[in-house]
There are 2 protein chains.
Amino acid sequence: MYLPDSFYLGALDRVVERLGAGGHDGLLVTHPADVAYLVGFCYAVTERPVYLWIGADHDRFLLVPELDREYAEQQHSHALVETYFEYPGVTSPEEHLAGLLRRRGLGAARIAYTSSISVGTFDRLRAVLPDATWATSDVVATLRLTKAPEELELHRQAAGICDSMLAAGRAYIEDAIAAGGELPREGEIARHVIGHGTDLVYQRYDRVVFTTKLAGGLVYAGPNAANPHGLPSSRRVQRGDTLILSLGAAVLSRFVESERTFVVGEPSADQRRYFEVARTAQHVGTEAMRVGRTCADVNAECLGVIRDAGMGEYLRHRQGHGIGVQNHEAPWVEDGDPTPLAPGMVLSSEPGVYVPGHGGYRISDTVLVTADGPERLTTYPRGLEENVIAA
Amino acid sequence: MYLPDSFYLGALDRVVERLGAGGHDGLLVTHPADVAYLVGFCYAVTERPVYLWIGADHDRFLLVPELDREYAEQQHSHALVETYFEYPGVTSPEEHLAGLLRRRGLGAARIAYTSSISVGTFDRLRAVLPDATWATSDVVATLRLTKAPEELELHRQAAGICDSMLAAGRAYIEDAIAAGGELPREGEIARHVIGHGTDLVYQRYDRVVFTTKLAGGLVYAGPNAANPHGLPSSRRVQRGDTLILSLGAAVLSRFVESERTFVVGEPSADQRRYFEVARTAQHVGTEAMRVGRTCADVNAECLGVIRDAGMGEYLRHRQGHGIGVQNHEAPWVEDGDPTPLAPGMVLSSEPGVYVPGHGGYRISDTVLVTADGPERLTTYPRGLEENVIAA
């Protein structure tokens, strides 16, 4: 679970190049995912801010709370590690940051920053650096849109874990059926598959770090599956249910998601009909993920399959989203995003059909856009016949 | 896992009262924890914003993405549910919000908001509501500083789960020792105790919802334990290690944390010395949590025990923090927070001693401030003799 130094140094070089072109003296990086992406420092996020400074002159420092000092140094973060003691502090983290910049003659610097920073924090920064000028920048977001080959290898490894989690979830239910007792609760299945994925990570990697999680999952069955983002409940799976396993895993915080729809017992005519529409939309939408087409255009073709089948009222969300250091990130495979697809983008393809009171149908793959067409990184079987759980 | 309607209606009344006094037409609530606190809607947080409007005239609506419509309605959220289709949307969520406000004659409203909102979102809001005036407000943060009796019951239930997780973690290691094989990895212990806590929640409650998680944990042993917030690694626990289980659990997102330090095998003289100083500091700091004393003052007394023992160089963080709908929230038991303690505050008390290359020592209880003194909600044994794991 490492990326080579060359990955980080290359990304940092590209940032510095863009800073110079934009007339900025440096970039203040504040989002944990951007910090992990640029210098490889992954940490438990709390109210204590972490500030990464990248100077247009290649000077870099990482300001972390004292409790993360040794941890940041051990991760070989590609920046000098500086610390403040605590939050909120008699001297605030922002005052510490201002002191470090002034010591470098940067009290009146032209500072680029990302607009994910909170209004409260930004107000504090402006107060302690009254002579600086500030401009938002999308330099890191732009870099993160396409993935480097070294990152793609991590995504592929995460996809293997994610597919294994799907198999583990199915086996867990089949084992309960074979044992003849009650079927498990949604929450118990979620706990089982997340544990399975987490175990795989610890078995496979010596050095485990993450930004938000190693493995996660939403599990819902029957009427609950009609809520695309419902939290796993204490309801037990029942014979006749449609069941969605919506799973994710990350290796060095390179995320993948893999979602499948199962039917417990012999599918009804309605279940077959909804399933096939969701399945076809997912196939068409995934095949549409080709270089040069826009996110909006791909999304329209994908969701069009569901609308054309007369199921437009059962749409609850877009086709998909980018995946990288965050499990949801730009670009957005949605009507409102005109971004053209480019080689190296990693996207989810996950249209869904949600029938209130009955259930939901969603299949998601994590897809790499290549010059030769879409490549599905997740490969668990997708068809209905393969995903009927005999009961 | 419910709070009565009276809890929400009472909190909303207090918000409206404060809005009127401040000359605001309404409050725009944007933080998931504030939404859960005020109207009881818990949801999977993504890039799709949720906006809760609380008018000074008692009018309320919750603007959610379409994929959460039915879910928000099923949770009996105490507000009218409105939706936008998707993110980023051809029409943005902020434009939808502006339309809903204009339809109510509030296009030029005086709007209170919380400074946790991002700069990017705030810029979009100002652009779509150019005639509105905006002022930050701490009305919800102030309410959340002290917990209602109904909330305290949930904290007590979470404390029971958290203590049970500590016992499960210890038993997991003892079982491995008894079996004569290798000791478990930090990550495996974390997976086990989180699973144990998650199972308890699903066994005990019919309706399970949460904001960020049900149960969580950091586990570190030996030299890794010297990093107060290190992520669980793939290192196996070894005989002679100091081991910290830093665990948390939540019931209806009312958090508790419980952390204990164990020694695997007969403690060395150094281990005894460091443990006793951390233990004494935690005892003194917890006893100091009395009504009317300030956070800064309590923290100084607590950390003073460690400094007076000549171990000031091993300090890496403050005594503690508030706990409620978030696992870390105000007030901060730190030098920079002058907040006086009041009955109903729930705080962590968790000073630590961290010896680079050797290990770490931290005991944390979740403490309720009462008129009669501090009440420890977590009760797992704290002493060294009780927390030696025979090996």
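Treat the numbers as computed from the prediction; the structure is a model and nothing was measured.

**Overview of the overall build of chain A**
A count of helical and extended segments in chain A gives 10 helices and 17 strands. Scaling as 2.2 N^0.38, a compact globule of 391 residues should have a C-alpha radius of gyration of about 21 Å, and chain A matches this with 23 Å. The principal-axis extents of the C-alpha atoms in chain A amount to approximately 70 × 45 × 35 Å. Total accessible area on chain A stands at roughly 13,200 Å², and carbon and sulfur atoms take up 50% of it.

**Quick look at the relation of the copies chain B and chain A**
Least-squares fitting of chain B to chain A yields an RMSD of 0.0 Å, with the superposition described by an axial translation of 0.0 Å and a rotation of 180 degrees. Viewed as a symmetry operation, the transformation between the two copies matches a two-fold axis. Judged by C-alpha distance, Ser 118 of chain B is the residue of chain B that lies nearest the rotation axis, at 2.0 Å.

**Re the interface of chain B and chain A**
Tallying the contact residues gives 58 residues for chain B and 58 residues for chain A. A buried area of about 5,300 Å², summed over both sides, lies between chain B and chain A, and 57% of it is on carbon and sulfur atoms. Looking only at chain B, the three residues that lose the most surface to chain A are Arg 191, Tyr 202 and Leu 231 of chain B, adding up to 14% of its buried area. The partner of Glu 47 of chain A in a salt bridge is Arg 318 of chain B, with the nearest N and O atoms 2.5 Å apart. Inspection of the region where chain B meets chain A yields 34 residue pairs in polar contact (both at pLDDT 80 or more). Among the elements of the structure, α3 (69-74), α5 (119-128) and α8 (186-204) of chain B are those that each provide at least two residues to the side of chain B that touches chain A.

**Structural notes on the layout of surface pockets**
Here the second largest pocket is characterised by a volume of approximately 390 Å³. Around the second largest pocket, the lining is made up of 23 residues, and of these Tyr 71 and Gln 74 of chain A together with Asn 224, Asn 227 and Ser 233 of chain B lie nearest the centre. By residue number, the principal contributor to the lining of the second largest pocket is helix α3 (residues 69-74) of chain A, which donates 3 residues. For the lining of the second largest pocket, the residue count by class is 9 nonpolar, 9 polar and 5 charged.

**Digging into the domain arrangement of chain A**
In many reports, interface size means the accessible area that the parts give up when they come together. All names here are of chain A. Each domain of chain A was delimited in the assignment, giving domain 1 (5-144) and domain 2 (149-389). Contacts between domain 1 and domain 2 engage 14 residues on the former and 11 residues on the latter. Around 1,000 Å² of area is buried between domain 1 and domain 2 when both sides are counted, 52% of it from carbon and sulfur atoms. Ranking the residues of domain 1 by area buried against domain 2 places Phe 7, Cys 42 and Arg 144 at the top, with a combined share of 46%. Linking domain 1 to domain 2 there are 1 salt bridge.

**Overview of the UniProt feature "domain: Creatinase N-terminal" (unreviewed entry) in chain A**
The sites that UniProt annotates as "domain: Creatinase N-terminal" (unreviewed entry) are residues 12-144 of chain A. With 39% helix and 21% strand, residues 12-144 of chain A has end C-alpha atoms that lie 12 Å from one another.

**Quick word on empty space enclosed by the protein**
Throughout the structure, instances matching the rule amount to 1 cavity of 30 Å³ or more. Considered as a void within the structure, the largest cavity measures approximately 40 Å³ in volume. Surrounding the largest cavity, Tyr 43, Ala 44, Val 45, Thr 46, Arg 48, Val 50, Pro 65, Leu 67 and Asp 68 of chain A together with His 229 of chain B form its lining. Grouping the constituent residues of the lining of the largest cavity by class yields 6 nonpolar, 2 polar and 2 charged.

**Quick notes on the side chain of Thr 211 of chain B**
Residue and element names in this part refer to chain B. If you trace the backbone, Thr 211 turns up in the loop between α8 and β7 (215-221). Residue classification places Thr 211 among the buried residues on the basis of a relative accessible area of 12%. Within polar-contact distance, the side chain of Thr 211 engages the side chain of Ser 253 at 2.6 Å. With residues near it in sequence (within four places) discarded, Thr 211 still touches Pro 32, Ala 36, Cys 42, Tyr 43, Ser 253, Phe 255 and Val 325.

**Considering the pairing of strand β14 (residues 359-362) of chain A**
Residues and elements named next belong to chain A. Side chains Gly 359 and Tyr 361 of β14 all project onto a buried face; the interleaved residues Gly 360 and Arg 362 project onto the opposite face, where all are buried too. Pairing of strand β13 (residues 352-355) with β14, which is carried by 4 bridges, proceeds in the antiparallel orientation. Bridge assignment links Val 355 to a residue of β14, and that residue is Gly 359.

**Side note on the sheet that holds strand β8 (residues 242-251) of chain B**
Residues and elements named next belong to chain B. In space, the 4 strands of this open sheet follow the order β7-β8-β9-β17, with mixed pairing throughout. Edge positions in the open sheet fall to β7 and β17 (388-389), since each of these has one partner strand only. Here helix α7 (residues 149-179) sits on the sheet and contacts β7, β8, β9 (254-264) and β17; the angle it forms with β8, its principal contact strand, is near 145 degrees.

**Looking at the environment of Phe 85 of chain A**
Along the chain, Phe 85 of chain A turns up in the loop between β4 (80-84) and α4 (93-103). By relative accessible area, which is 29% here, Phe 85 of chain A ends up partly exposed. Linking Phe 85 of chain A and Pro 49 of chain A, residues 36 residues apart in sequence, is a C-alpha distance of 11 Å. For Phe 85 of chain A, the contacting residues outside a window of four places in its chain are Glu 66 of chain A together with Leu 315, Arg 316, His 317 and Arg 318 of chain B.

**Description of the UniProt feature "domain: Peptidase M24" (unreviewed entry) in chain A**
Annotation from UniProt places "domain: Peptidase M24" (unreviewed entry) at residues 153-371 of chain A. Secondary structure within residues 153-371 of chain A divides into 36% helix and 25% strand; the distance between the first and last C-alpha atoms comes to 17 Å.

**A closer look at helix α2 (residues 32-39) of chain B**
All names here are of chain B. In terms of residue burial, α2 counts as a mostly covered element, since 8 of its 8 residues are buried. All of the buried residues in α2 are Pro 32, Ala 33, Asp 34, Val 35, Ala 36, Tyr 37, Leu 38 and Val 39. Phi turns positive, to about 80 degrees, at Gly 40, one or two residues after α2.

**Overview of the packing of aromatic side chains**
Considering all chains together, one arrives at 22 aromatic pairs over all chains under this definition. A ring pair is formed by Tyr 274 of chain A and Tyr 361 of chain A, whose centres lie 5.6 Å apart and whose planes are at 45 degrees; its orientation type is tilted. Of this pair, Tyr 274 of chain A sits in helix α9 (residues 269-287) while Tyr 361 of chain A sits in strand β14, placing them 87 residues apart in sequence. For the residue pair Tyr 274 of chain A and Tyr 361 of chain A, the accessibility class agrees, reading buried in each case. Both rings, one in Tyr 274 of chain B and one in Tyr 314 of chain B, keep their centres 5.8 Å apart while their planes meet at 90 degrees; by these two values the pair is edge-to-face. Remark: Tyr 314 of chain B occurs in the loop between α10 (295-308) and β10 (320-322) and Tyr 274 of chain B occurs in helix α9 (residues 269-287); sequence separation between them is 40 residues. There is no split in this pair, since Tyr 274 of chain B and Tyr 314 of chain B are both buried. Lying across the ring of Tyr 274 of chain B, Arg 273 of chain B places its NZ or CZ 5.0 Å from the centre.

**Quick notes on the pattern of salt bridges**
Using the criterion set out here, one finds 62 salt bridges over all chains in the structure. The shortest N-O distance in the salt bridge between Glu 94 of chain B and Arg 124 of chain B comes to 3.5 Å. Of the two residues, Glu 94 of chain B sits in helix α4 (residues 93-103) while Arg 124 of chain B sits in helix α5, which places them 30 residues apart along the sequence. A residue is classified by how much of its surface remains accessible, and Glu 94 of chain B, at 3% relative accessible area, is buried. Taken together, the shared-partner salt bridges connect Asp 34, Arg 144, Lys 147 and Glu 329 of chain A into one network.

**Thoughts on the sheet that holds strand β3 (residues 60-65) of chain A**
All names here are of chain A. Sheet architecture is open: 6 strands sit in the order β4-β3-β2-β1-β5-β6, paired in mixed fashion. Of all strands in the sheet, those with a lone pairing partner are β4 and β6 (133-136), marking the two edges. Neighbouring strand axes in the sheet, compared pairwise and without regard to direction, differ in orientation by 25 degrees on average. As defined by bridge partners, β3 adjoins β4 across 5 bridges and the pair is classed as parallel. By the bridge assignment, Val 64 is partnered in β4 with Thr 83. Sheet strands touched by helix α1 (residues 5-22): β1 (26-29), β2 (51-55), β3 and β5 (110-113). Its angle to β2, the strand with the most contacts, is close to 65 degrees.

Thresholds, definitions, all that
- Residues numbered from 1 in each chain as written.
- Chains lettered and ligands numbered in written order.
- Predicted model: local features only at pLDDT ≥ 70, side-chain atom pairs only at ≥ 80, totals over all residues.
- Heavy atoms only, no water.
- Helix = DSSP H or I, 4+ residues; strand = E, 2+ residues; numbered from the N terminus.
- Rg over C-alpha atoms; globule rule 2.2 N^0.38 Å.
- Areas by Shrake-Rupley, 256 points an atom, 1.4 Å probe, with all protein chains shown as cover.
- Least-squares fit on C-alpha atoms with pLDDT ≥ 70 in both.
- Contact = heavy atoms within 4.5 Å.
- Buried area = accessible area lost by both parts, 1.4 Å probe.
- Salt bridge = Lys/Arg side-chain N within 4 Å of Asp/Glu carboxyl O.
- Polar contact = N/O pair within 3.5 Å; in protein donor to acceptor, adjacent residues only side chain to side chain.
- 1 Å grid on protein atoms, 1.4 Å probe; cavity = no way out; pocket = protein on both sides within 12 Å on 5 of 7 lines; lining within 4 Å.
- Points joined across faces, edges and corners; volume = space filled by probe spheres on them.
- Nonpolar A, V, L, I, M, F, W, Y, C, P; charged D, E, K, R; others polar.
- Domains from an automatic or database assignment.
- UniProt positions renumbered as here; feature names shortened; annotations may be inferred.
- Buried < 20%, exposed > 50% of the residue type's maximum accessible area, 1.4 Å probe, protein only.
- Pairing = 2+ DSSP bridges.
- Axes fitted to C-alpha atoms, helices over the stretch in contact; angles between N-to-C directions.
- Phe/Tyr/Trp six-rings, centres within 6.5 Å; stacked < 30°, edge-to-face > 60°.
- Lys NZ or Arg CZ within 6 Å of the ring centre and 35° of its normal.

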